[in-house]
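Each chain is listed here by its residues.
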Amino acid sequence: MKKNSVNHITLAYERLGGGKPLMLIHGFPLEHVIWNDVVPLLQQDFDLILPDLRGFGQSTTTEDPHTLTDMADDLAGLLDALKIEQATLAGHSMGGYVALAFAKKYPQRVSGLALVASQAAADTSERKAGRYQTAAAVSEKGVGIVAEAMTPNLSSNQRVQEFVRPLMQRQTPPAVIGALKAMAEREDLLAYLATAAFPVTLIHGSADALIPIERAKEIKAALPSAQWFEIKNAGHMPMLEFPAETASGLRRLG
Ligand code: MLT
């Protein structure tokens, strides 16, 4: 992977294809490789930038707590290093939260935004408390507990489960704990997104067990101009479960 120093960390990324810049941002607790099946479908038309978010995959993190805006700053730093002023951002789940934080801080740098199996709402107080409990459990028992708990909720497809389980297991406790706390503290950006000046596409599986499609419907209701791309029978990993359909949704932003 290529590497770049930003905000006191090393951010690893892949860059493939050519055309309009499109950054594909992975979810929790994963890596850029979740996009592997859509890359061949998009690389003729897009300059694809695929970061590993701080701490995940080959990117490093620091001991200090961080926010989703810090993670968005990492991506802004990467775009600066690549001399890309404006890009379309597609974020999967937590990657969507990072993309939203980026859009709020750097709206002029966003030419389009796709939320893939994501949401704009903040955590409920119950969900937030649960994240802190999970963070404590990870620090005691390791990342395996998250991988075991999440795998069945990510997809009912055996092949996808076998791909994501080891991917989650190989992440480190500082990355997982840092991201859990950052997600717990994120703000509700639904009202902000409703005012977005850039095109927004919502790609969501009808069978998403982790972020129900109702969360995406809330965005569509607040922002009727958002493009709606429901993928029937997809769970939380549409890019692995239905790559062709996911790529068509992403291409709409091109
Ligand atoms: C993700 O898939 O990125 C996260 O599980 C989303 C979340 O926990 O809110």
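Check the entry above for the structure.
Residues numbered from 1 in each chain as written. Predicted model: local features only at pLDDT ≥ 70, side-chain atom pairs only at ≥ 80, totals over all residues. Heavy atoms only, no water.

Turning our attention to the pattern of salt bridges. All told, the structure shown has 14 salt bridges when counted by the stated rule. The shortest N-O distance in the salt bridge between Arg186 and Asp123 comes to 2.7 Å. Taken together, the positions of Arg186 in the loop between helix H7 (173–184) and helix H8 (190–193) and Asp123 in the loop between strand S6 (110–116) and helix H4 (125–141) put the pair 63 residues apart, joining distant regions of the chain. Here Arg186 and Asp123 have matching classes, each one buried. One salt-bridge network, in which partners are shared between bridges, spans Asp80, Glu85 and Arg109. (Salt bridge = Lys/Arg side-chain N within 4 Å of Asp/Glu carboxyl O. Helix = DSSP H or I, 4+ residues; strand = E, 2+ residues; numbered from the N terminus. Buried < 20%, exposed > 50% of the residue type's maximum accessible area, 1.4 Å probe, protein only.)

Moving on, we get to the site of the ligand. Gly27, Phe28, Ser93, Met94, Tyr97, Arg127, Arg131, Met150, Met183, Leu210 and His236 make up every residue found near the ligand. One of the side-chain nitrogen or oxygen atoms of Tyr97 is found 2.5 Å away from an oxygen atom of the ligand. Within the side chain of Arg131, a nitrogen or oxygen atom sits 2.8 Å from an oxygen atom of the ligand. Secondary-structure elements contributing two or more residues to the shell around the ligand are helix H3 (94–105) and H4. A class-by-class count of the residues in the shell around the ligand yields six nonpolar, three polar and two charged. (Near = heavy atom within 4 Å. Polar contact = N/O pair within 3.5 Å; in protein donor to acceptor, adjacent residues only side chain to side chain. Nonpolar A, V, L, I, M, F, W, Y, C, P; charged D, E, K, R; others polar.)

Moving on to the environment of Ala191. Within the fold, Ala191 resides in helix H8. Assessed through its relative accessible area of 61%, Ala191 is described here as exposed. Taking the C-alpha atoms as reference points, Ala191 and Phe102, separated by 89 residues in sequence, lie 15 Å from one another.

A few words on the pairing of S6. S6 sits mainly inside the fold: seven of its seven residues count as buried. Of the strand pairs in this sheet, strand S5 (residues 87–92) and S6 are connected by six bridges, and their pairing is parallel. Residue pairing across strands places Ala87 opposite Val110, the latter belonging to S6. In this region the chain leaves S5, passes through H3 and returns to the parallel neighbour S6; the handedness of that crossover is right-handed. (Pairing = 2+ DSSP bridges. Right-handed = clockwise from strand over helix to strand, strands pointing away.)

So, about the packing of helix H5 (residues 144–154) against helix H6 (residues 158–169). At their nearest, the axes of H5 and H6 sit 9 Å apart, and the two run at 150 degrees to each other. Classed by the angle they form, the pair H5 and H6 counts as roughly antiparallel. The interaxial crossing formed by H5 with H6 has right-handed handedness. Judged by residue contacts, Ala147, Glu148, Met150, Thr151, Pro152 and Leu154 of H5 engage Gln161, Val164, Arg165, Met168 and Gln169 from H6. (Axes fitted to C-alpha atoms, helices over the stretch in contact; angles between N-to-C directions. Parallel < 35°, antiparallel > 145°, perpendicular 65-115°, else oblique. Left-handed = near helix turned anticlockwise from the far one by under 90°. Contact = heavy atoms within 4.5 Å.)

Time to look at the packing of aromatic side chains. The geometry of an aromatic ring pair is captured by the separation of the ring centres together with the interplanar angle, meaning the angle of the planes. Inspection of the entire model under this criterion finds two aromatic pairs. Measuring from ring centre to ring centre gives 6.4 Å for Phe28 and Phe56, while their planes differ by 80 degrees; the resulting arrangement is edge-to-face. Note that Phe28 is positioned in the loop between strand S3 (20–25) and helix H1 (39–42) and Phe56 in the loop between strand S4 (46–51) and helix H2 (68–81), a separation of 28 residues in sequence. Side by side, Phe28 and Phe56 carry an identical accessibility label, which is buried. Arranged with centres 5.0 Å apart and planes meeting at 50 degrees, the rings of Phe102 and Tyr106 form a pair that is tilted. Judged on exposure class, the residue Phe102 and its partner Tyr106 are both buried. (Phe/Tyr/Trp six-rings, centres within 6.5 Å; stacked < 30°, edge-to-face > 60°.)

A word on the nonpolar core. Within the largest apolar cluster, 88 residues are counted, with the highest numbers of intra-cluster contacts made by Phe28, Trp35, Met94 and Leu193. Per-element tally for this core: the top contributor is H3, with eight residues. (Core = buried A, V, L, I, M, F, W, Y, C linked by side-chain atoms within 4.5 Å.)

Here we come to the environment of Asp70. Along the polypeptide, Asp70 turns up in helix H2. Between the alpha carbons of Asp70 and Phe102 there is a distance of 9.2 Å; along the sequence they are 32 residues apart. With sequence-adjacent residues up to four places away left out, Asp70 is seen in contact with Asn7, Arg54 and Pro65.

This paragraph deals with helix H11 (residues 243–251). Along H11, the residues classified as buried are Thr246, Ala247, Gly249 and Leu250. Burial along H11 is one-sided: seen end-on, the buried residues are contained in an arc of 160 degrees. (Arc of directions from axis to C-beta.)

Once that is clear, we can look at the sheet that holds strand S7 (residues 200–205). Reading across from one edge, S1-S2-S4-S3-S5-S6-S7-S8 is the order of the eight strands in this open sheet, with mixed pairing throughout. In this open sheet, the two edge strands, each paired with only one partner strand, are strand S1 (2–6) and strand S8 (227–231). Between one strand and the next, the sheet's axes are offset by a mean angle of 20 degrees, whatever the strand orientation. The pairing of strand S2 (residues 9–17) with S4 spans five bridges and is antiparallel. Following the sheet pairing, Arg15 is matched in S4 by Ile49. This element, H2, spans S1, S2, S3, S4 and S5 of the sheet and lies at about 115 degrees to S1. Together, S3, S5 and S6 form the strand contacts of H3, whose direction differs from that of S5 by roughly 145 degrees.

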